[in-house]
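# Results of the structural survey
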Amino acid sequence: MVKLKINNTEIEVAEGTTILEATKSAGMSVPSLCYLKGINEIGACRVCVVEMKGIEKLITACNNIVAEGMDISTNSPRVREARRTNVELILSQHDCNCPTCGRSGNCELQTLANNLNFPENHYKLEVPHSNWPKDFPLIREEGKCIKCMRCVQVCDKIQDLQVWDIAQTGSRTTVDVSLNRDIKDADCSLCGQCITHCPTGALHERDDVGKILRMNGVLNEPDTITIIQVAPSVRTAWGEALGLSREFATVKRLVSALRKMGFDYIFDTDFSADLTIMEEGSEFLERLGSGEKSKYPMFTSCCPGWVRFLKSQYPDMVDSLSTAKSPQQMFGAVAKSYYADILGVDPSKICCISVMPCVAKKHECDIPNINDSGAEKDVDFVWTTREVVRLIKSEHIDVSLLEEEEFDMPLGIGSGAGVIFGATGGVMEAALRTAYYLVMGENPDADLFKNIRGMDGIKESTIDLNGTSLNLAIASGLGNARQLIESIRSGEKKYDFVEVMACPGGCAAGGGQPIHAGEELGEERCGVLYNLDKNNSIRFSHENPSIADIYKNYLEKPLSHKSHKLLHTNHHKWEMPESVR
């Protein structure tokens, strides 16, 4: 333990503690902008400066370690003046048109500037601008970038893709796509982790809400049938930005909010998650039963960020991806074929919208060869959780008065297995529940495979399936995915089935989820999903009555000709920029 003084108060903290952490533990927190524990501790913003007795210069608190006898002042006149000056300088190059920014009210720079309470900026405003493709799912606004380096470090250290880097020099120094590439030519996975760790609105998803709501938007077209699907992880987080408790912010209240907006049919992506399990699980068993000794395991394909990663980093392994579409795309294909038949309407009259915790889904729905319903695009628009929250606010819906309402039928029924798709390991667990049934002819205990749960970046398990020993692996976060793949390619590891999610913790911590400064809520949100699974009356995908009906009345069986046409895809039919490293 180390004894020191902070603002004339003696405290004791563990050796190795940073000054920033020490001040927080003493209830005298120092503000910061660029700091991310264990990821970005470079003192770039100079906002966390403190004064130490005996040292002439102010020092940064985020990357200096406490020492015995230190005497620290966190709010001396010198510190206050330096902090205000540093923030003023940042604001002098910042687009401060806050009312039009999606992060207004949830911007770390805005909060800090408000707290410092200075009446005017003494520096000339010179906001930089850059040309950025507005049709790309991920948008960067240079005028809002504070050069904190968080995006660079998250992409380097967590996702191991090196998409971002320092560009230019001197006063023109900024952050941009690495190697002077256009973002469309970069091997970005669109995981969105740079967005959720950005302190301002410099990085955000492409906003697709206006295309639905404007005067000439599809919601106002009388002949258009609007169908909206809600992904599993959205229900864990949509209430966070609205000040609702998790107990109150149920998915049924989200259904109520969406119905008030005027959507014709509201369905649960859990339904198509169950459909994915039937197809992907059957595909795995078919590969297993073929007797072919594959060099690589079968990889899950429901995460588009992961698919983009594999195509760009290891294109020779694409054949190992399951051909099953993601739940989002399966739903769109079914909505514009099976459900169009139920309604007796032309599929071209249907507009299908997804609410997803993901930015990569915006790209996925635009892949040309993934649309097989014959109605142009199977999924027309994708909204992130953040976008649907902004929409609820713009519609002035009093969320505290929302009553619970049910999803529409028959695509509104989902099992507990479908719900846990949003947690790392959930796809694997759901698949194993049904694979066990298909092989053994009876259901296992629904929690038999719970040992693969948890937030570890790489998890391994071995199960016995009717005398066949299967080696399984799960990775979340693309840095972990790379580590796992390298061990497979070197021959160090041998697996039969591997699940990968691009975002650490899975979709619950996806790049489209609500942002909370300094908080990582993936584990808490995953816990919500597992609790929903535990309390669901249906815990196996194959027991979903709507799944039984669609196979009986339309698809015939998993991997049938019709199933292949609507629910599977060829990953080679679209291009992805390959890695340059």
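Please refer to the structure placed before this passage.
To keep things clear, this report deals only with the structure shown in the data block.

Reading guide: rules and limits
- Residues numbered from 1 in each chain as written.
- Predicted model: local features only at pLDDT ≥ 70, side-chain atom pairs only at ≥ 80, totals over all residues.
- Heavy atoms only, no water.
- Buried < 20%, exposed > 50% of the residue type's maximum accessible area, 1.4 Å probe, protein only.
- Helix = DSSP H or I, 4+ residues; strand = E, 2+ residues; numbered from the N terminus.
- Contact = heavy atoms within 4.5 Å.
- Pairing = 2+ DSSP bridges.

All right, on to helix α4 (residues 150-158) then. Every buried residue belonging to α4 is among Arg150, Cys151, Val152, Gln153, Val154 and Cys155, and all of these are buried. Those residues of α4 that are buried lie in contact with α3 (108-116), β7 (164-167), β8 (174-177), α5 (193-196) and β9 (203-205). Downstream of α4 by one or two residues, Asp160 has phi in the positive range, about 55 degrees.

Take helix α8 (residues 251-261) next. Along α8, eight of the eleven residues are buried, which leaves the element largely enclosed by surrounding structure. Those residues of α8 lying buried are Val251, Arg253, Leu254, Val255, Ser256, Ala257, Leu258 and Met261. Just past α8, the residue Gly262 takes up positive phi, approximately 110 degrees.

Structurally, Cys155 can be placed in helix α4. Looking at Cys155, the relative accessible area reads 9%, which means it is buried. Along the chain, Cys155 and Cys188 lie 33 residues apart, while their C-alpha atoms are 9.4 Å from each other. Those residues in contact with Cys155 that lie beyond four places of it in its chain are Asp160, Leu161, Gln162, Val163 and Trp164.

Next up on the list: the pairing of strand β10 (residues 225-230). Where burial is concerned, most of β10 is hidden: six out of the six residues are buried. Of the two faces of β10, the one carrying Ile225, Ile227 and Gln229 and the one carrying Thr226, Ile228 and Val230 are both buried. The sheet contact formed by β10 and strand β13 (residues 350-356) spans six bridges and is parallel. Across the sheet, the residue bridging to Thr226 is Cys351, located in β13. Where β10 meets strand β11 (residues 265-268), four bridges bridge the pair, whose relative direction is parallel.

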